[in-house]
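The residues making up each chain are set out below.
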Amino acid sequence: MIEIRVHGRGGQGSVTLAELLAEAAYYSGQQAQAFPNFGVERRGAPVTAYTRIDNKFIRLRSQVYNPDYVIVQDVTLLTDPKILGDLKKGSVVLINSSKPLDNLKVPQGVRVKAINASGLALEVIGKPIINTIFLGAFAGLSGLIKLSAIEKAIKERFEGDIAKKNILAAKRGFEIINQN
Amino acid sequence: MKKILEGSRAIAETVRNIGIDVISAYPITPQTHIVEDLAKLKADGEADYEYIRTESEFAAMSVLIGAAATGARTYTATSSQGLLLMTEVLFNAAGMRLPIVMTDANRAISGPINIWNDQQDAVTMRDAGWIMLYGEDNQETCDLHILAYKIAEKCLIPVVVNLDGFVLTHTVEQVDIAEAKLIKKYLPAFKATEKLDVKNPLTFGAFVTPGQYMEIRQELHDDLRASKKVMAREMLDFKKIFGRKLSLVEYYGAKDADTVVVAMGSVLGTIKEAVDELNKVGKKVGVVKISSLRPFPAEELLKLIGSKKQILVIDKSVSLGEEGILSGEIRRSFYGQSKAKIVGAIMGLGGRDITKEMIKQTIVTAKKTNEQTIFVGK
């Protein structure tokens, strides 16, 4: 089972990202589960959401504590030491940052990937909507999700131009993650 | 059709496919998505029920009483404080023998105010005369809704289907949504034998003197007990048509277990994962799912686990000052008929997370403790 934890701020679409990850994994032939860390949601407040992906139906209902992947949509959230504190050997951290994060303190054996999601989103979507960049980046990095499945998941949720731009954003994320 | 979708959406689509005449509701977290989805289905022309948004839960259930009395098939959903606000009306719905079906997205009760999941809300209506069902995952919860209408309309007893608020309502996972055509095969249109009709006037919920009240209450008691047999039969029929199993009690884990964990709702999934891991290292542990709190499957449970050494009951609700609701039910059911040591663990109140490790640790603690009830928060 692969466990993913998404950290963001209210308004960044963290819950949507967790759900899109689950839906796209499902359309790639896997079983998946997504749920938010039910907080009192408001714009700007820290938000956490979870996704689990497995080859059989997922029964486990607890929150995710030692994730295989962590997605951090806002780098300023890292002032909270808990976010990267429970990572295990082999975990991957994907962080929205325009600068490399070589000096970031993480447990041994954890890989950090900085991705300029905000910049890419402004380029592709014209707005700082970054969650679909990460959706594509996760797909490119993990190999668990097909691009065609991402397209299906996005089209189910959004229409017209918004769907098109988000699919493009996911493709950009998919390409860029394996280039750096 | 198999889909991946939010639990609330899955329930809304199932309820729509069941074919409801009247929905009346008032939004409250974490149930809101269900009634929002039902309202949207109606607004988009994808459903033909009457949808009445009331000014309170008290009114929502009152509207359903009126609608059900005319022979309509009715539905509402609520949570927590909303359920408490409709309590007076809930007793009337059962007393008037109206086959209303309601979803309760289980949530903690104030105070202190808390919007997260536990199962304290529903146990407040335990003695209201309703049938009370609990779903483990979103598939089972949807299936229980279909079953609920069958039982309600056969027994003329209202049914509440419980699912853990947020933990299931807000979780996106696979559900096979039963199609309307298939549901019709299982659940024919509701034909009330007695209903409000201007051509044949009747009174519902009339004033009753000491000369009749007791017999009417006993009749509801007897019928509620008898509903267990109807339910067992209907669960078998359900399997034939939908291919999925429903049961009053279900055992999972080592056949020769000396320790058995008992619970209701979504925590069962986490317990099953813990049991698998314990069985793998040779620990003789099993788990029992209870799907119905009323009627209570006392005989079935006794037959299933009465001979075990140790029973750990996990409750997300508590009769304050005494013990967990489920552990109390099991203790009285087993009195004089089982030598099992029964320990109740109160867990997950107000949204406190329950992990596999906590379950494993609590199994160990329960063996050692002399307490009847323990609170486990980490």
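Bear in mind that the values here come from a model prediction, so they are computed numbers and not experimental data.

What about the overall build of chain A?
Now for step 1: The number of helices and strands found in chain A is six helices and six strands.
Now for step 2: Against the compact-globule benchmark of 16 Å for 180 residues, chain A has a radius of gyration of 15 Å, which places it among compact chains.
Now for step 3: Along the longest, intermediate and shortest principal axes, the C-alpha atoms of chain A span 40 × 40 × 35 Å.
Now for step 4: Partitioning the intrachain contacts of chain A with sequence separation of at least 6 by distance along the chain shows that 58% fall at a separation of at least 24.
Now for step 5: Summed over its atoms, the accessible surface of chain A is roughly 8200 Å², and 51% of this surface lies on carbon and sulfur atoms.

Some points on unusual backbone geometry
All names here are of chain B.
Now for step 1: Cis peptide bonds are those with omega within 30 degrees of zero, and the linkage from S110 to G111 qualifies with -5°.
Now for step 2: Summarising the element assignment, G111 is placed in the loop between β5 (101-106) and α6 (120-123).
Now for step 3: Here the residue pair G111 and P112 is connected by a cis peptide bond, since its omega of 0° sits within 30 degrees of zero.
Now for step 4: Tracing the backbone through its elements, the reader meets P112 in the loop between β5 and α6.
Now for step 5: Even without glycine at this site, R97 takes up a positive phi of about 60°.
Now for step 6: The residue R97 is located in the loop between α5 (87-95) and β5 in this model.

What to know about the domain arrangement of chain B
All names here are of chain B.
Now for step 1: For chain B, the assigned domains are domain 1 (2-242) and domain 2 (249-376).
Now for step 2: Here the C-alpha centre of domain 2 lies 27 Å away from the C-alpha centre of domain 1.
Now for step 3: Each partner contributes residues to the interface: domain 1 has 26 residues there, and domain 2 has 28 residues.
Now for step 4: Interface of domain 1 and domain 2: buried area, both sides summed, is about 2100 Å²; carbon and sulfur atoms make up 51% of it.
Now for step 5: Per-residue buried area on domain 1 facing domain 2 is highest for R126, E136 and K228; these three make up 31% of the total on that side.
Now for step 6: For E136, the salt bridge identified is with K272, shortest N-O distance 2.9 Å.
Now for step 7: Here domain 1 and domain 2 share 17 residue pairs in polar contact (both at pLDDT 80 or more) between them.
Now for step 8: The set of elements that each furnish at least two residues to the side of domain 1 that touches domain 2 consists of α6, β6 (131-134) and α9 (210-242).
Now for step 9: No other element matches the five residues that α9 contributes to the side of domain 1 that touches domain 2.

A closer look at the pairing of strand β3 (residues 46-54) of chain A
Where a strand is regular, its side chains alternate between the two sheet faces.
Residue and element names in this part refer to chain A.
Now for step 1: Of all nine residues that make up β3, eight are buried, and the element is covered over most of its length.
Now for step 2: Both strand β1 (residues 2-9) and β3 contribute to a ladder of eight bridges, which runs antiparallel. Looking at the pairing, R5 lines up with Y50 of β3.
Now for step 3: Of the pairings in the sheet, the one linking strand β2 (residues 31-36) to β3 comprises six bridges and is antiparallel in character. Bridged to Q31 within β3 is D54.

Looking at the pattern of salt bridges
Now for step 1: Counted according to the given criterion, the structure contains 41 salt bridges over all chains.
Now for step 2: Taking the shortest distance from any N to any O, the salt bridge between A:K56 and A:D54 comes out at 3.9 Å.
Now for step 3: With its nearest N and O atoms 3.6 Å apart, the salt bridge here joins B:K316 to B:D164. Separated by 152 residues along the polypeptide, B:K316 in the loop between β13 (310-315) and α12 (325-334) and B:D164 in strand β7 (residues 159-164) bring together distant segments of the chain.

A few points about the sheet that holds β5(B)
All names here are of chain B.
Now for step 1: Across the sheet, seven strands lie side by side as β3-β2-β4-β5-β7-β6-β12; this open sheet has mixed pairing. In this open sheet, the two strands that pair with only one neighbour each are β3 (50-53) and β12 (292-294). The average undirected angle you get between the axes of adjacent strands in this sheet is 20°.
Now for step 2: Here strand β2 (residues 22-25) pairs with strand β4 (residues 74-78) via two bridges, running parallel. Within β4, the position partnered with I23 by the bridge is Y75.

Regarding helix α3 (residues 117-124) of chain A
Given 3.6 residues per helical turn, the α-helix brings residues three or four places apart onto the same face.
All names here are of chain A.
Now for step 1: When we look at burial in α3, the residues that qualify are A117, L120, A121 and V124. Seen end-on, α3 carries its buried residues on one side only, within an arc spanning 100°.
Now for step 2: Buried-residue contacts for α3 involve β5 (92-96), β6 (111-115), α4 (131-142) and α6 (160-177).
Now for step 3: Looking one or two residues beyond α3, the residue adopting positive phi is G126, at roughly 85°.

Rules used throughout
Residues numbered from 1 in each chain as written. Chains lettered and ligands numbered in written order. Predicted model: local features only at pLDDT ≥ 70, side-chain atom pairs only at ≥ 80, totals over all residues. Heavy atoms only, no water. Helix = DSSP H or I, 4+ residues; strand = E, 2+ residues; numbered from the N terminus. Rg over C-alpha atoms; globule rule 2.2 N^0.38 Å. Contact = heavy atoms within 4.5 Å. Areas by Shrake-Rupley, 256 points an atom, 1.4 Å probe, with all protein chains shown as cover. Domains from an automatic or database assignment. Buried area = accessible area lost by both parts, 1.4 Å probe. Salt bridge = Lys/Arg side-chain N within 4 Å of Asp/Glu carboxyl O. Polar contact = N/O pair within 3.5 Å; in protein donor to acceptor, adjacent residues only side chain to side chain. Buried < 20%, exposed > 50% of the residue type's maximum accessible area, 1.4 Å probe, protein only. Pairing = 2+ DSSP bridges. Axes fitted to C-alpha atoms, helices over the stretch in contact; angles between N-to-C directions. Arc of directions from axis to C-beta.

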